[in-house]
Amino acid sequence: MPINLSYESDIATLNNAAQPSSNTDDNYRSTPLLYINSHRIPAHLAALARPNQTLLDFLRNTLHLTGSKLGCGEGGCGACTVLLSRFDKSKGAVVHSTVNACLFPVLGADGCHVTTVEGIGSWRHDANKNGVGSNNSSNITANSSVEETDNLHPIQRAMVDMHGSQCGYCTPGIVMALYGLFAQDGMLPSSISGDNSGDGNHKTTTAAQRQDYLEEHLDGNLCRCTGYRPIWDAARSLVSCHHSEDDLEEIRGPCGVKCGECPERESCEMDCNLESKKQMADVAADDNGGGCCGGSSNSGNEKCCSSSSMDKIQQYQQIIESKHSEKWWDQPNDMFPDELLRDDEKSVHDELSTPLKVMDTSIHNGGTWYTPNTLEELLDLFREFSSGGSSSSGGGIKMVVGNTEVGIETKFKHASYPTMVHPSKDIHTLHDIFSTGDHYRVGGCAALGDLQEFCHSEMTSDGEEANRRHERTAKPIHDMLRWFASTQIRNVACLGGNLVTASPISDMNPMLCSLGATLVLASRPKSDGGVVRRNVKVSDFFIGYRTVEKEDMEVIERVDVPLLQDRFEYCIPFKQARRREDDISIVTSGMRIKLRPATKTDNGDRHWEIEDVAIAFGGMAPKTVMARRTMDALIGKPFDSNSFEDARKVLQDEFQMPDDVPGGQAQYRLTLACSFLHRFYLNCVEELTKDVAADKTEGLSYPPVPLIDDDEECGVGGFVGVKKPSITGLQTYPEPKVAMGLEVEHLGMKDESSDLPLAAVAAAAAKSSLSDKPTKQKNNSVGQPATHASGPLHCTGEAIYIDDIPAPANLLHGSLILASKCHATLASINVEPALSIPGVAGVFTSEDIERIGGDNKVGPILLDDFTFLPVGEKVDFVGQVLGIVVAASQEIAEKGARAVAVEYTDDVEGKAIVSIEDAIDAESFWTDFRHEMKRGGNVDEILNKSEVDGKRLVIVEGSMRSGGQEHFYLEPNSTLAVPSESATNLTIYSSTQAPTKTQDFCARVTNTPAAKVVVRMKRMGGGFGGKETRSVFVATAAAVSAKLMNRPVRVTLNRDTDMAITGGRHAFLAKYKAGAIVEEDGTIKLHALDVRLYNNGGCKFDLSGPVMDRALFHVDNCYFWPNFHSVGTSCKTSQPPHTAFRGFGGPQGLLVAEHIMDHFATECNVSGDKLRRDNMYSLQDATPFGMRFGDGFTGMWNVPAMWDRLEKELDIPGRRQRAAEFNKKNKWVKRGVGFIPTKFGIAFTAKYMNQGGALVHLYTDGTVLVTHGGTEMGQGLHTKVCQVAAQAFNIPLDHVYVNDSSTDKVANTIPSAASMSTDLYGMATLDACQQILKRIQPIKDSLSPDATLKEVAKKAFFERIDLSAHGFFALDNDRCGYDWNKDCPEGFPADLPDNAWKGHPFNYFTQGVAMAEVEIDVLTGDHKTISADVLVDVGSSINPAIDIGQIEGAFIQGMGWATIEEVIYGDDDHTWIRPRARMHTTGPGTYKIPAFNDVPESFNISLLENANNPFAVHSSKAVGEPPFFLGCSVFFAIKDAIIAARGSGGGYFEFRLPATSERIRMACSDDIASECIGSDRDQSSFQPQGSF
Ligand SMILES: Cc1cc2nc3c(=O)[nH]c(=O)nc-3n(C[C@H](O)[C@H](O)[C@H](O)COP(=O)(O)OP(=O)(O)OC[C@H]3O[C@@H](n4cnc5c(N)ncnc54)[C@H](O)[C@@H]3O)c2cc1C
Ligand code: FES
Ligand code: FES
C-alpha cells in the first residue's frame, strides 16, 4: 500500500511543517512584523511565515482567514485582493494599495498593515470577533439600510443592496478593491469628505473624475456571474454622492464629448444626454429619485426601475449620508496601527531598522529571505550569493520586488530560489521617482503605480511652455501604464522587474527604448569598496529571448528617461491585446519622432522633415526590438504619407514571421505593426498641427502641415489614452405581483387573482394573460426584487465554500497526477520518488481502487471514463488523471504529483485527432448517438432546383464554426472527503451541481453502499454547467484517498489544472445548404434547410450527445423552415471531455440559424432585419420537432411582438441609417448594429430528469427550513425558493432558510441544470408547504384569524401534528421527453405537426430579443459595445432583480463567448503548442473573460409585461440559460461593422466565432491587412487560425 508514514510519524511531519523559521544571525531580525486587521500577529505565528509563501497562503492556511479567495493564483482575477498599508516616511503619510495576495510574498508585508475583507465589516452582529480582530473599527462599520442593525461596511451594504453578488466568490476581492479605492484621497466629493475648509488637504474632484478613477480601479477584478453592472452601481452609489449640476454636466457620451459642453445638446437624442438632462431636472426639482415604481419608465406607469444609473444609486446615497455620521472612508487610516506610524515616540521603527532574514527550516524548504535596508547591504548580498548559480537555473540569488514574475515562475514553472532579496522601501535610490529637469529618474524598484501617478501629476502643463516637455514625456508613459496589467499588479510590480524579465511582449520596454531611456546598473564588487555604476541604453539591454545585458551581481538602480522637446517631438504608445483591461499585448510599441522644418534643394519648397525617429516593438520578435530598417527608411525623409507608406513596406519586410511562429497570429501581428505605423503618422500630423497653430499665435511661421483626408481623421487615437464613458443603463420590469401558475392545476391551489380554471387559461395562453391583480396577502414575497439570500455573507467573506471549510483534524491535501502526453499507452507509474518526499502521506492509483473492490469507471451517460487511468490503457488527453498524491500541505502534494515517474509507450502524439476537421477526416464519431430530424419534402431534391412554383429559389451554401468556451467559474473544483466509523462511512463536501451523481460515483469507486455516503453542498462559486458532471472525478479521487488513508482529504484544483482537464463548451462546425424563395413583392421566404452539425466532444462522451440534441432543437431559432433536415454528430477527439455549459448546445445551434439569415441577406441584398421578421414563426406554425405555437401547449409566442417593439422603441432602422452615415465619413472606425431574437426550450430533454424533491420543516417559532434537491451556484435559486415558501406560509421572507443540499435530506436528485431548478424545486417546495398548511389548517381555524404562524405551529406541535413534509414535483409526462427514433405511429392525427409523435422536448419557451451597437477599430480589430438593449419574456418573475441579474450575467457571458474568449489547443493551426492536443489557454493570463471595461456603455434590460406562463410555478419562466445567446447580438453587430469596412464588394464571408480582435482586423480586408496576408493567399476568405 503506497502510504509513506505511520499515523504518528505523519503527525510529527505535520508539526515539522509548522516549525517556525529561525536564524541565529545577530545582524538580522528573524521574525517579520506583521499586522493584519489592526492586530499585530503574535511572534509564534509570524515566525511561521515562509520565504516562498504568498500572503494569501499565510492568511488562509496559517491564520485561517478564508475571506480572501484563491481564484487563479496568478494575479489575474482579483479574488484575493487585500489592502496593504504602510507608513511612507518621505510623504509623512500612510499609503494604501490593493495587492493580489496570491502573488505578494507574505514577508514583503513586513512592517505593513494588511486589511482583509474580514477586517472591514461583518454580517455577524459582533464585529469585534471579525477575523484576527478589527479593533475599534467596529464603531465605524455600517449601519444597515434594512431595519436590523448589522456591521456591514457601506461598501458591503451597497453591494448587497444593489445585487452586486451572485455566487459571491469574486465579491470579497471586489469589496477590497473598492475599499482600496476609497482609501485614496480624492474619491469623494468635498461635500461628503467634509473638506469644506479649503485647507487643501483633500483633493476636490468632480463626479466625472471620480468615475474615471473608478473605471480604472476595477481593472484587476473579474466576475463571471453578474455582468458587472450591479457592482458598478454599488460603486457609483458611493462615489457620486450628491450629484451637483456640475457633476451632471460632466457626463460624457459615447461620442466622447461631455454632454454639458456639447453645442448640440438640445437636439442630441443620445441616451446619455437624455439621461443627464433628466437627472439635472431631478436635481433641480429636488426629486428624491425614482426607486421602485417611481423611476423612469419606457412605456407607461406599469414599469419601474430596479436599479439604474441614478434612481437606486441616489436612494442609497441618502441612506449612507443619513446613517453614517462617521467618516467611513477614513477607516483604513483609523485602522492603521499606531505602532507602525513611524514617528520616534511610539513606533516600532527600531525594530524595523534591523534588516530581516528568514530561513525556512520547515519541510517546505523554501530558502532564505532577506530584506536589506540599504543599497550597500543589498549589493553585498548579490556579491555574496550571485556566484551560487544563475537565476535562470533556479540557483543563486533572486531579487523579489512585486513578485508578479517570480511568483509565476515559482508557482507555475516550479522554479526555486535558495536566496531571495526584497529591498526595503527605505532604499530611496531604488524607489524614488523625480525629475531632474532634463530627465525623469525612476528607481529600479519603483512601483509602476507610483510611476503612473507621477506621470499623471506631470501631465498638466496648463499651457506653460516650461511644462510642455514634461507633459508630452509623461503622457505616453501614463497612457501605456493605464493598460498595463491591473491596479493591484501596478501597485507592487516595478519597472526594473519588467526590464529584467525581458518579456518579448513587455509593454514598458518598447516605450523606454523609443524614448531613448538609459539604465543605471549598480554593483559592489568589493566589500570594502564603493558602489560601481554603469549605464546601458535600454535599447541595447535585450540581447535574446528573456536574456539581458546584466551581470548576476548587478541590480538596476534606476532608469533615466530623457524629456522630449517642447515642440515637434512626439512619442505615442500602442498596444493591442485580446482584452483591453489587464491583458498582455499581442503587439505593443513605442514610437517617437522628431520633426524639423526643411527646404527642398531642388525647388525651395518648405516642408517638414523627419530629423529622428525611434520605433520599438514588442510581440514581433523573441525580444523587444527596434525596427531599425524601418527607422532608417524614415530618417531624413519628408514627413508625409508617402514616406510612411514606403516605410510600411520596409516594416513588412523587416518582420516576416513564419506561420508557426511561437504565439501564432503571424499575419495579424504584422498587420498590427503596420497599422500602428499608419496610426502614428496620423497622430503626428494632429500633434504637429496643434504645435504649429500654437506657435502661429506667437507669430512664428512654419511649412504647411501635411493634410489627411477627412475620413482618415478617425484613425487617430485607439483605446490607449482614450477614456471610456461610464456605464449607464436601465433595468425595467413590470410591477411586482403574485401570479399563480402551474400550482393551480398541479396542487389544486386557488388562484385568487383569476376566475379561470387553469386548463382554460392554458388553452387560451397564446392570447390571454392572467390577471395582474396582486393577492391580498400581508407578506407578499413572490414577485419582489429581494436581494440574494447570501449577499451579506458573500460581501463579508463569511460565506463558506468547500476550500474554506475549517480543516478537520488530520487533514491531508491531494494533488492529481496528470498525464503529460496523449495518444500513448500508459506503461508504468513509479510512485517511489513521490513517497520519498517528506510530508507526502500516500500515493494512489487505479490499483488501489481495485484493491478495495471499487469500480474505477465513471461517466454520466456512458461509463467510458476512469477515476484513475489504469496502466495499459491508452491515454486520451493531456492532463488525464492517473492517480493522486496526498500530503501534509498542498504545496508538498503538488511537488509529490510532479515527482511521480510515468512512462508511456506507443507514443503517437503526432497523430492525435484534435479538431472537428481531424475527426471528420478520421471518421472519429460517436455514431450511435447521431441524431437526425426531417420534415417536409426531400431537401436534397428541393435544393437542387432553382425555382419553386415559378418563383426564384436562392440557394446559399457554406459553413460556420464556433469555438469552445471555458466555464471560468471563479471557484475552482474542490472536494473535502471526510471518512468516519473506520472509513465505512464518507461525508463528501463537494463543489458540485450534482450531489446525487457525486454520491453514486463516490460510493462505487470506494465500494461503499450509497446509503453510507452523504454528499453535501452549501454553495458553489459558480458552476455554469462545468460542475454538472466534470466535478465528479475530483470528488472520487478525494473519496478514494480518504477511504484508503482513513483521514480527511481535500482536493482543490489549481486554476490551470481545472481549465486544462475539466472540459468546456463544445466547439461546433455547421455545414449547410439552404434555399429561400423570392416572392413577387421581393420578400424572401425560407424554403428548405439541410444542415449538418458536428461538435467537438473531446475524448469521452460525457454529455456530448445531449448537447448536440439541444443544438438540433435550436438550429431553427425563431424561423419557419417548411422543409427541414438536420443531422448532428459528436466527434471524438484528444481534447478533454467537453461538457455542459450554459445553453447546453442551444447557443451553438441558434448561432447557425442567425448566420444563415445573414448569408441570405447578403446573397439577396435585402435587410437582415426584414428577412428575419418575415420568416418568424407565426401562431399555428410548428417547429421541426413538432411543437406548435399557439395551440395551448407551447404557451404565448411573444417573439414577433417583442421584435416589433424593440425595433420601434430603439429605432433600429434609424440606428442603421446613422451607423451607415457614420461609416461613410470614417475609414478606420466603423459602427454596426446586431439585432437578434431567441427562443429557448425549457425542460431536460431526458424525460426522467424532470423531477425534484424538497423537504420542508416548520418550527414552533414560526420559522421554516427548506432543503431541496437543487444547488446554489449564484443563480439565486435558494432565494427564489425562500420566496415561494414565505409566500405559501404568508410569513416574512427572512423567516425562511434554505439549508445546504444534502443527499441524506433530499435523495435521488438530478443535477441543477437546464435552467429548470426553480420550476422543479419551487413546485416541490410549494407541494411540501401545502401539505403542512393542509395539516395545520384545522388548528388555524381554531385560533383567532390574527394568530401568527408561530402560534399555529406551537399549538399544532402539542396536537401531535407532523410539521415536516417532503414535497415532490415531476413535469407532466406529455410535457417533456423526445424519442428521436420513434416512427410515426399508425393513426397519428394528420392535423398534428410532423414529429409531434416523438414527444415534446420542452415544457415551454423562454423568449427574448436583443440589439447591440458596436464600434470597431479597423486598424487594430479592437471593438467596444456602445449599447445593448435586451427584452426578455421570463413570465411573471418570482424575483425580477435576480432575473435581471441572470440576464445581464448571461448576456455578458454570451458576449464573451462570441468575442474575446478563445480556447486554443495544440493542433494543425497551432503547431507551436507542444505536445499536440495540449490546451494552451489555462489561466486568466491566456484566456480572457469579459472585464469591467467590456460592459456595454449603455446597457438596458427589460422584462416583458403581461407574460404569464401557466406551465411553471407562480407563472414564472426559467431564465439562467436563455439570454446567453442574446450576447451574440454583439457578434452580429461586429460583423455588420466589418461588412461596412469591407465595402460594397465584400460579399458573403464566414465570420467565425469568437470575434477576436485578430478575426475582426483580418476580416476588414483593407490594403494594410491585404499586404500582410500576402498575395499568395485569398484575401477575402483569409481565416485566422482557430481551434474548433
Ligand atoms: C496578472 C499579470 C498581468 C501582467 N500584465 C502585464 C502587462 O500588461 N504588460 C507587461 O509588460 N507586463 C505585464 N505583467 C508582467 C509583470 O507585471 C511585470 O514584468 C512586472 O514589471 C514585474 O515586476 P515585479 O516587481 O513584480 O518583478 P518580480 O517578480 O519581483 O521580479 C521579476 C524579475 O526582475 C528582477 N528584478 C526586479 N527588480 C530588479 C532590479 N531593480 N534590478 C535587477 N533585477 C530586478 C527580479 O530579480 C526578477 O528576476 C503582468 C504580470 C501579471 C502577473
Ligand atoms: S487569486 Fe489572486 S488574482 Fe486570482
Ligand atoms: S458573483 Fe462574481 S464570480 Fe460569481
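As the structure is a prediction and not an experimental result, all values here were calculated from the model.

Trainee: Whenever I open this one, the overall build of the protein confuses me. Can you help?
Mentor: Within the protein, the regular secondary structure consists of 48 helices and 48 strands. Sequence-distant contacts, at least 24 apart, represent 77% of the contacts inside the protein between residues at least 6 apart. Only carbon and sulfur atoms are counted for the fraction: they give 48% of the accessible area of the protein, which is about 53100 Å².

Trainee: Any chance you could explain the sheet that holds strand E8 (residues 368–371) here in plain terms?
Mentor: Backbone-to-backbone hydrogen bonds join strands into a sheet, with any given pair of strands oriented parallel or antiparallel. Spatially, E7-E8-E10-E9 is the arrangement adopted by the 4 strands of the open sheet, whose pairing is mixed. Both edges of this open sheet fall to strand E7 (356–359) and strand E9 (397–399), since each of them pairs with a single strand only. Between one strand axis and the next, the sheet turns by 15° as a mean value, whatever way the strands run. Note: E7 against E8, 4 bridges, orientation antiparallel. Counted as the bridge partner of Met359 is Thr368 from E8.

Trainee: I tried to follow the UniProt feature "binding site: substrate" (unreviewed entry) in the protein on my own but got confused; where do I start?
Mentor: On the UniProt side, "binding site: substrate" (unreviewed entry) is annotated at positions that read Glu1028, Arg1110, Phe1144 and Thr1245 here. Residue placement: Phe1144 occurs in the loop between strand E39 (1123–1131) and helix H38 (1146–1164). By relative accessible area, Phe1144 is classed as buried at 13%. Excluding anything up to four places from it in sequence, Phe1144 contacts Arg1065, Leu1103, Pro1106, Val1107, Arg1110 and Glu1521. Relative to the elements of secondary structure, Thr1245 occurs in the loop between strand E40 (1229–1242) and strand E41 (1251–1258). Not counting residues up to four positions away in its chain, the partners in contact with Thr1245 are Arg1110, Phe1113, Gly1377, Tyr1378, Pro1401 and Phe1402.

Trainee: So what exactly am I meant to see when it comes to the UniProt feature "active site" (unreviewed entry) in the protein here?
Mentor: The UniProt feature table records "active site" (unreviewed entry) at Glu1521. For Glu1521, the location among the structural elements is in the loop between strand E48 (1498–1503) and helix H46 (1529–1542). Glu1521 has contacts with Arg1142, Gly1143, Phe1144, Phe1240, Ala1314 and Ser1315, leaving out every residue within four places of it along the chain.

Trainee: Even after reading the chapter, I still don't get the nonpolar core, so can you show me in this structure?
Mentor: Soluble globular proteins: nonpolar side chains tend toward being buried together. Phe617 and Phe639 are the most contacted members of the largest nonpolar core, which has 237 residues in total. For this core, the element with the most residues is helix H25 (residues 666–696), which contributes 15 residues. Those residues in contact with Phe639 that lie beyond four places of it in its chain are Ile593, Leu595, Trp608, Glu609, Ile610, Phe644, Tyr681, Cys684, Val685, Leu688 and Pro706.

Trainee: Looking at this structure, how should I read the sheet that holds strand E4 (residues 93–100)?
Mentor: With respect to topology, 5 strands assemble into an open sheet ordered E2-E1-E5-E3-E4, the strand pairing being mixed. Edge positions in the open sheet fall to strand E2 (39–40) and E4, since each of these has one partner strand only. In this fold helix H5 (residues 171–182) packs onto strand E3 (81–88), E4 and strand E5 (112–115), with an angle of close to 25° to the strand it touches most, E3.

Trainee: Honestly, the side chain of Arg592 in this entry has me stumped. Any pointers?
Mentor: You can see Arg592 is positioned in strand E19 (residues 585–599). Sequence-distant contacts of Arg592, that is, excluding residues within four places in its chain, are made with Ser514, Leu515, Leu564, Glu569, Tyr570, Cys571, Asp612, Val613, Ala614 and Phe680.

Trainee: Would you explain the side chain of Asp1300 in this entry?
Mentor: You can see Asp1300 is positioned in the loop between strand E43 (1296–1298) and strand E44 (1301–1302). Within the structure, the side chain of Asp1300 is placed 3.0 Å from the side chain of Arg1016, a separation counted as a polar contact. Beyond its immediate stretch of four places on either side in the chain, Asp1300 contacts Arg1016, Met1017, Lys1018 and Thr1267.

Trainee: What's the story with the packing of aromatic side chains in this structure? I'm lost.
Mentor: Aromatic rings considered in pairs are described by the distance between their centres and by the relative angle of their planes. Counted according to the given criterion, the structure contains 42 aromatic pairs. Both rings, one in Phe574 and one in Phe676, keep their centres 5.1 Å apart while their planes meet at 20°; by these two values the pair is stacked. Pair noted here: Phe574 is in strand E18 (residues 569–577) and Phe676 is in helix H25, with a separation of 102 residues, a long-range link. The two residues Phe574 and Phe676 agree in class, both being buried. What links up through ring pairs into an aromatic cluster is the set Phe1113, Phe1120, Tyr1177, Phe1185, Phe1189, Trp1197, Tyr1378, Trp1380, Phe1402 and Phe1405. The ring centre of Trp483 lies 3.9 Å from the NZ or CZ of Arg482, which sits over that ring.

Trainee: When you look at a negative patch on the surface in this model, what are you seeing that I'm missing?
Mentor: Taken together, the side chains of Glu686, Asp709, Asp710 and Glu713 define an acidic patch exposed on the protein surface. For Glu686, the location among the structural elements is in helix H25. Classification of Glu686 by relative accessible area gives partly exposed; the value is 35%.

Trainee: Which parts of the structure should I look at to understand the packing of H5 against helix H8 (residues 229–239)?
Mentor: The packing of two helices is summarised by the inter-axis angle and the distance between the axes. H8 packs onto H5 with a crossing angle of 25° between their chain directions and a minimal axis gap of 12 Å. The angle between H5 and H8 places the two elements in the roughly parallel class. Between H5 and H8 lies a crossing of right-handed hand. In contact with Ile174, Leu178 and Phe182 of H5, H8 contributes Ile231, Ala235, Leu238 and Val239. Looking at side-chain class alone, the contact of H5 with H8 contains 7 nonpolar, no polar and no charged residues.

Trainee: Where do I start with the confidence of the model for the protein in this structure?
Mentor: A low pLDDT score tells you not to read the predicted coordinates there in detail. When pLDDT is averaged across the protein, the result is 89; 87% of the residues are at 70 or more. Note that pLDDT drops below 50 for residues 241–247; the model gives that stretch 18 contacts with residues more than four away or on any other chain.

Trainee: Is there a simple way to explain the pattern of salt bridges in this structure?
Mentor: Between side chains of opposite charge, a pair can form when the charged atoms approach closely. Enumeration over the complete set of coordinates arrives at 80 salt bridges. A salt bridge links Arg1335 to Asp1362, with the nearest nitrogen and oxygen atoms 3.6 Å apart. Of this pair, Arg1335 sits in helix H43 (residues 1317–1342) while Asp1362 sits in the loop between helix H44 (1349–1358) and strand E45 (1364–1370), and the two are 27 residues apart along the sequence. For Arg1335, a relative accessible area of 28% gives the class partly exposed. In this structure, a network of salt bridges that share partners links the residues Arg60, Lys69, Asp803, Asp804 and Arg1050.

Trainee: Whenever I open this one, the site of ligand 1 confuses me. Can you help?
Mentor: Around ligand 1 there are 34 residues in total, and Met399, Val401, Thr404, Glu405 and Asp507 lie nearest to it. Within the backbone of Gly497, one N or O atom sits 3.5 Å away from a nitrogen atom of ligand 1. Here Ile556 contributes a backbone N or O atom positioned 2.8 Å from a nitrogen atom of ligand 1. Against a free-state accessible area of 990 Å², the protein chains account for coverage of 94% of ligand 1. For the shell around ligand 1, the secondary structure elements donating two or more residues are E9, helix H20 (495–501) and strand E17 (555–562). With 5 residues, H20 is the largest single contributor of residues to the shell around ligand 1. For the shell around ligand 1, a count of residues per class yields 17 nonpolar, 10 polar and 7 charged.

Trainee: I tried to follow the pairing of E3 on my own but got confused; where do I start?
Mentor: In summary, the side chains of a regular strand alternate between the two faces of the sheet. Within E3, 8 of the 8 residues are buried, which leaves it mostly tucked inside the rest of the structure. Side chains Thr81, Leu83, Ser85 and Phe87 project from E3 onto one buried face, and the interleaved Val82, Leu84, Arg86 and Asp88 project onto a second face that is buried too. The pairing of E3 with E4 spans 8 bridges and is antiparallel. Note that in E4 the partner of Asp88 across the bridge is Ala93.

Trainee: Explain the environment of Gly92 here, please?
Mentor: Mapped onto the elements, Gly92 comes out in the loop between E3 and E4. Separated by 249 residues in the primary sequence, Gly92 and Leu341 place their C-alpha atoms 9.0 Å from one another.

Trainee: So what exactly am I meant to see when it comes to the pairing of strand E28 (residues 881–887) here?
Mentor: Most of E28 is tucked away: 7 of the 7 residues are buried. Relative to E28, strand E23 (residues 812–818) runs antiparallel, the two being bridged by 6 bridges. Along E28, the bridge assignment pairs Leu818 with Val881. As paired elements, strand E25 (residues 840–845) and E28 share 5 bridges and run antiparallel to each other. From the neighbouring strand, Phe844 faces E28, where its bridge partner is Ile884.

Trainee: What's the story with the packing of H38 against H46 in this structure? I'm lost.
Mentor: As a packed pair, H38 and H46 sit with axes 12 Å apart at the nearest point and diverge in direction by 25°. As the angle between them shows, H38 and H46 are arranged roughly parallel. In this structure, the crossing between H38 and H46 has a hand that is right-handed. Between H38, through Leu1151, Glu1154, His1155 and Asp1158, and H46, the contact on the second element is made entirely by Phe1531, Phe1532 and Lys1535. Grouping the constituent residues of the contact of H38 with H46 by class yields 3 nonpolar, 1 polar and 3 charged.

About the thresholds
Residues numbered from 1 in each chain as written. Chains lettered and ligands numbered in written order. Predicted model: local features only at pLDDT ≥ 70, side-chain atom pairs only at ≥ 80, totals over all residues. Heavy atoms only, no water. Helix = DSSP H or I, 4+ residues; strand = E, 2+ residues; numbered from the N terminus. Contact = heavy atoms within 4.5 Å. Areas by Shrake-Rupley, 256 points an atom, 1.4 Å probe, with all protein chains shown as cover. Pairing = 2+ DSSP bridges. Axes fitted to C-alpha atoms, helices over the stretch in contact; angles between N-to-C directions. UniProt positions renumbered as here; feature names shortened; annotations may be inferred. Buried < 20%, exposed > 50% of the residue type's maximum accessible area, 1.4 Å probe, protein only. Core = buried A, V, L, I, M, F, W, Y, C linked by side-chain atoms within 4.5 Å. Polar contact = N/O pair within 3.5 Å; in protein donor to acceptor, adjacent residues only side chain to side chain. Phe/Tyr/Trp six-rings, centres within 6.5 Å; stacked < 30°, edge-to-face > 60°. Lys NZ or Arg CZ within 6 Å of the ring centre and 35° of its normal. Patch = residues over 30% accessible without salt bridge, like charges linked within 9 Å, V, L, I, M, F, W, Y side chains within 5 Å. Salt bridge = Lys/Arg side-chain N within 4 Å of Asp/Glu carboxyl O. Lys, Arg positive; Asp, Glu negative; His and termini not counted. Charge placed at Lys NZ, Arg CZ, Asp CG, Glu CD. Parallel < 35°, antiparallel > 145°, perpendicular 65-115°, else oblique. Left-handed = near helix turned anticlockwise from the far one by under 90°. Nonpolar A, V, L, I, M, F, W, Y, C, P; charged D, E, K, R; others polar. pLDDT = per-residue confidence, 0-100. Near = heavy atom within 4 Å.

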